[in-house]
Amino acid sequence: MMDVCVNMIVRNADDFIGVVLEAITPYVRVWVTIDSRSNDKTRFIVDSLGVEWDEFEVKNPIEDLVKMRNHQ
């Protein structure tokens, strides 16, 4: 595994998150931060692939995006 980390911020990403994670996890370490407003199967998919993730409480999308990036 390379010495590279990929940080992803996602919301309602169940259409593509599985394909993306399966493509990159053999090569890099991945950390996913899920927007608390996500209301699809994103959490389940990320969890089922064994990828580290956490959830960030979003109250003000514009301000909290910066906080979310800093959190990662």
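Scroll up for the structure.
The structure reproduced in this document is the subject of the present report. (Residues numbered from 1 in each chain as written. Predicted model: local features only at pLDDT ≥ 70, side-chain atom pairs only at ≥ 80, totals over all residues. Heavy atoms only, no water.)

On to helix α1 (residues 17-24). Ile-17, Gly-18 and Leu-21 are the residues of α1 that are buried. Relative to the axis of α1, the buried residues are bounded by an arc of 95 degrees and lie together on one face. Of the surrounding secondary structure, the elements contacted by the buried residues of α1 are β1 (5-10), β2 (29-35) and α2 (42-48). (Buried < 20%, exposed > 50% of the residue type's maximum accessible area, 1.4 Å probe, protein only. Helix = DSSP H or I, 4+ residues; strand = E, 2+ residues; numbered from the N terminus. Arc of directions from axis to C-beta. Contact = heavy atoms within 4.5 Å.)

What is expected of a backbone is that most residues other than glycine have negative phi and most peptide bonds are trans. At Asn-12, a residue that is not glycine, the phi angle is positive and equals roughly 50 degrees. For Asn-12, the location among the structural elements is in the loop between β1 and α1.

With that settled, the discussion passes to the nonpolar core. With 12 residues, the main nonpolar core is built from Met-8, Val-10, Ala-13, Ile-17, Leu-21, Val-28, Val-30, Val-32, Ile-34, Ile-45, Val-46 and Val-51. The set of elements that each furnish at least two residues to this core consists of β1, α1, β2 and α2. By residue number, the principal contributor to this core is β2, which donates 3 residues. What Val-30 contacts, discounting residues up to four positions off in sequence, is Val-6, Met-8, Leu-21, Ile-24, Thr-25, Val-51 and Glu-52. (Core = buried A, V, L, I, M, F, W, Y, C linked by side-chain atoms within 4.5 Å.)

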